[in-house]
Amino acid sequence: MSTTPAKQRIGLFGFGVVGQGLYDVLHRTPGLQAEVSRICVKDRFKDRPLPASSFTFHKEDILTDPHINVVVELIDDAEAAFDIVSTALRNGKSVVTANKRLVATRLQELLDIQRETGSSLLYEASTCGSIPIIRNLEEYYDNDMLSRVEGIVNGTTNYILTALHEPSSGGYASALAQAQKLGFAESDPTLDVEAFDAAFKTTIIAAHAFGVVVSPLQIVRRGITSVTPFDISIAQQQLRTIKLLSRVQLHGSGLSLLALPALTQNTSPLAGVRNEVNAVRLTAAFSDAQLLVGKGAGGGPTASAVLSDIAALRYGYRYEYKKLGQASPPVVNHDVEVAIYVRGTNDQITSIPFSIVEVDHRSSSGRYVIGHVQLDALHTSPAFLDPETFIAILPED
Ligand SMILES: NC(=O)c1ccc[n+]([C@@H]2O[C@H](COP(=O)([O-])OP(=O)(O)OC[C@H]3O[C@@H](n4cnc5c(N)ncnc54)[C@H](OP(=O)(O)O)[C@@H]3O)[C@@H](O)[C@H]2O)c1
């Protein structure tokens with residue numbers, strides 16, 4: 001590995017929840033020998049807690065400054081972020097980003113630019129905040145035969161769902177507002193509650209765990225906005241807890257990828273993961289199941305992952321993406337059976353081609369079915385597209 005200059009001079013893009021969090025943790029980690037040289041933001045009229053001379057509104061002030069050797073990209077605009085990150089890499093700077101949308105939607109291009117330039121792009125904070133999942137997949141699980149990586153990867157939805165299971169729940173809107181107030185929610189909450197954010201992270205996990213580059217559009221994705229107190233009460237009767245589950249699973253040479261609500265069994269370690277906490281469960285041939293748990297959102301926890309990447313750059317660390325080079329990578333295949341719970345109208349429920357129906361409940365408070373269906377058939381059913389229908393998988397463990 002090469003060595004980087006003793007002092008890291010950082011050009012920081014973005015001074016919001018994570019940018020300010022990073023600034024704070026850097027100042028509380030003096031041994032790191034890293035300083036923020038310049039901060040690029042967007043809004044000229046916003047009050048800032050630092051002198052105006054710390055800021056610029058021109059990206060070139062950072063991207064063309066030869067003294068800046070590390071660019072940290074913490075903005076909330078994936079298009080602008082691609083321009084910043086790709087230019088910084090081409091200008092020979094190492095880059096750290098927390099932007100999962102950027103990484104998930106432009107991964108192949110970012111891989112190509114890293115290969116062409118030899119510059120390093122790290123993005124631990126993009127997936128599960130403070131949990132060190134990417135570097136573990138790259139290094140620790142390099143040789144172990146992973147069969148499944150799943151977990152709770154979105155802090156906002158976990159916070160909302162935790163609140164909805166409380167007897168004193170103030171309802172969906174109040175739980176979302178509280179998550180936004182605490183700085184967990186993305187600036188556009190649709191990304192969180194419709195599971196786009198979880199799909200982005202699922203895409204990133206798939207690349208590092210199984211060596212496949214997929215589009216987030218290939219993930220079987222559905223959000224939590226249609227969940228009702230009725231669904232929560234049925235889950236509780238079944239001794240289950242509703243979570244938003246991300247799962248990448250090998251089935252022979254096929255790989256299924258989903259980001260869907262799930263009725264997790266209360267005995268599963270994932271059921272007890274509350275509020276903005278995230279968890280990733282890894283199942284591998286020799287190590288069996290392991291669980292990584294940590295805060296998945298918020299300024300401090302996310303900044304800690306960014307800080308870890310900055311520290312790793314000091315000794316020339318880069319992702320090697322070894323699994324992307326394997327001779328026969330798995331192929332995306334959603335022709336696999338899943339157990340599901342679905343609550344909705346008769347028309348929507350009958351549009352799902354169940355192979356087995358275990359429960360068909362009809363009452364004045366609603367109709368729901370618990371049964372088995374092929375994941376790809378569920379994905380293309382009219383019920384899956386209906387915003388009022390609530391669909392959740394029933395994991396076995
Ligand atoms: N919040 C979390 O818990 C969390 C967790 C994991 C990952 N992330 C990721 O971290 C990144 C930052 O999130 P955040 O929550 O810190 O966002 P945020 O609080 O909304 O802050 C965004 C910052 O980006 C700046 N900005 C936007 N467009 C810009 C541009 N074109 N050039 C320069 N600056 C620009 C804004 O400038 P102004 O100050 O001038 O408005 C603001 O300072 C996102 O990619 C997000 O997905 C966030």
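Residues numbered from 1 in each chain as written. Predicted model: local features only at pLDDT ≥ 70, side-chain atom pairs only at ≥ 80, totals over all residues. Heavy atoms only, no water.

## Here's the deal with the overall build of the protein
Move 1: Helix and strand counts for the protein come out as 15 helices and 17 strands.
Move 2: Relative to a compact globule of 397 residues, whose C-alpha radius of gyration would be 21 Å, the protein shows 22 Å and is just as compact.
Move 3: Looking at the protein as a whole, 56% of its 397 residues qualify as buried.
Move 4: Residue pairs at least 24 apart in sequence account for 73% of intrachain contacts in the protein once pairs closer than 6 positions are excluded.
Move 5: Computed over 34 positive and 42 negative side-chain charges, the inter-centroid distance for the protein is 5 Å. (Helix = DSSP H or I, 4+ residues; strand = E, 2+ residues; numbered from the N terminus. Rg over C-alpha atoms; globule rule 2.2 N^0.38 Å. Buried < 20%, exposed > 50% of the residue type's maximum accessible area, 1.4 Å probe, protein only. Contact = heavy atoms within 4.5 Å. Lys, Arg positive; Asp, Glu negative; His and termini not counted. Charge placed at Lys NZ, Arg CZ, Asp CG, Glu CD.)

## Looking at the domain arrangement of the protein
Move 1: By domain assignment, the protein separates into domain 1 (8-132 + 300-325) and domain 2 (143-296 + 329-393).
Move 2: The gap between the C-alpha centroids of domain 1 and domain 2 is 30 Å.
Move 3: Residue-level contacts link 23 residues of domain 1 with 29 residues of domain 2.
Move 4: Each partner contributes to the roughly 2,000 Å² buried at the junction of domain 1 and domain 2, and carbon and sulfur atoms together form 70% of this total.
Move 5: Applying the counting criterion to the domain 1 and domain 2 interface returns one salt bridge.
Move 6: Across the pair K100 and D197 runs a salt bridge whose closest N-O atoms are separated by 3.2 Å. (Domains from an automatic or database assignment. Buried area = accessible area lost by both parts, 1.4 Å probe. Salt bridge = Lys/Arg side-chain N within 4 Å of Asp/Glu carboxyl O.)

## Some thoughts on helix α1 (residues 17-27)
Move 1: When α1 is considered as a whole, its buried residues turn out to be V18, G19, G21, L22, Y23, V25 and L26.
Move 2: Of the surrounding secondary structure, the elements contacted by the buried residues of α1 are β1 (8-13), β2 (34-40), β4 (70-73) and α12 (299-313).

## Some remarks on the site of the ligand
Move 1: Looking at the ligand, there are 24 residues lining it, with F15, D43, K46, R48 and G298 nearest.
Move 2: Residue G16 places a main-chain N or O atom 3.3 Å away from an oxygen atom belonging to the ligand.
Move 3: Within the backbone of D43, an N or O atom sits 2.6 Å from an oxygen atom of the ligand.
Move 4: Starting from 910 Å² of accessible surface for the ligand in isolation, the protein chains cover 87%. (Near = heavy atom within 4 Å. Polar contact = N/O pair within 3.5 Å; in protein donor to acceptor, adjacent residues only side chain to side chain. Areas by Shrake-Rupley, 256 points an atom, 1.4 Å probe, with all protein chains shown as cover.)

## Re the sheet that holds β4
Move 1: Spatially, the six strands line up as an open sheet ordered β3-β2-β1-β4-β5-β6, and their pairing is parallel. Each having just a single partner strand, β3 (55-56) and β6 (121-122) make up the two edges of the open sheet.
Move 2: Across four bridges, the pairing between β1 and β4 is parallel. Bridging from a neighbouring strand, F13 pairs with E73 of β4.
Move 3: Helix-sheet contacts for helix α3 (residues 78-90) involve β1, β4, β5 (94-97) and β6, and the interaxial angle to β4 is about 170°. (Pairing = 2+ DSSP bridges. Axes fitted to C-alpha atoms, helices over the stretch in contact; angles between N-to-C directions.)

## With respect to unusual backbone geometry
Move 1: The backbone phi angle of A195 is positive, close to 70°, even though this residue is not glycine.
Move 2: With respect to the helices, strands and loops of the structure, A195 is situated in the loop between α9 (190-193) and α10 (196-210).
Move 3: Of note in the backbone geometry, D288 takes a positive phi value of approximately 65° without being a glycine.
Move 4: Note on placement: D288 falls in strand β12 (residues 288-295).

## Here we look at the environment of L263
Move 1: Relative to the elements of secondary structure, L263 occurs in strand β10 (residues 254-265).
Move 2: With 131 residues separating them along the chain, L263 and L394 place their C-alpha atoms 5.1 Å apart.

## Overview of the pattern of salt bridges
When the charged atoms of two side chains lie near each other, side chains of opposite charge can form a pair.
Move 1: As enumerated under the stated definition, the model contains 21 salt bridges in all.
Move 2: For K7, the salt bridge goes to E35, with nearest N and O atoms at 3.8 Å. With K7 in the segment before β1 and E35 in strand β2, the pair connects residues that are 28 residues apart, well separated along the chain.
Move 3: What makes E35 partly exposed here is its relative accessible area of 33%.
Move 4: Ionic pairing is found between R343 and D231, a salt bridge with its closest N-O pair at 2.8 Å. Linking R343 in strand β14 (residues 337-344) with D231 in helix α11 (residues 229-237), this pair joins segments that are 112 residues apart in sequence.
Move 5: D231 gets classed as buried once you look at its relative accessible area, which sits at 0%.
Move 6: Salt bridges sharing partners connect three or more residues here, namely R148, E150, R281 and D397.

## A few points about the packing of helix α7 (residues 155-164) against helix α8 (residues 172-181)
Move 1: For the pair α7 and α8, interaxial distance at closest approach is 9 Å and the crossing angle is 140°. When the axis of α7 is compared with that of α8, the two are oblique. For the pair α7 and α8, the sense of crossing is right-handed. On α8, the residues that touch T156, Y159, I160, A163 and L164 of α7 are Y172, A175, L176, Q178 and A179. (Parallel < 35°, antiparallel > 145°, perpendicular 65-115°, else oblique. Left-handed = near helix turned anticlockwise from the far one by under 90°.)

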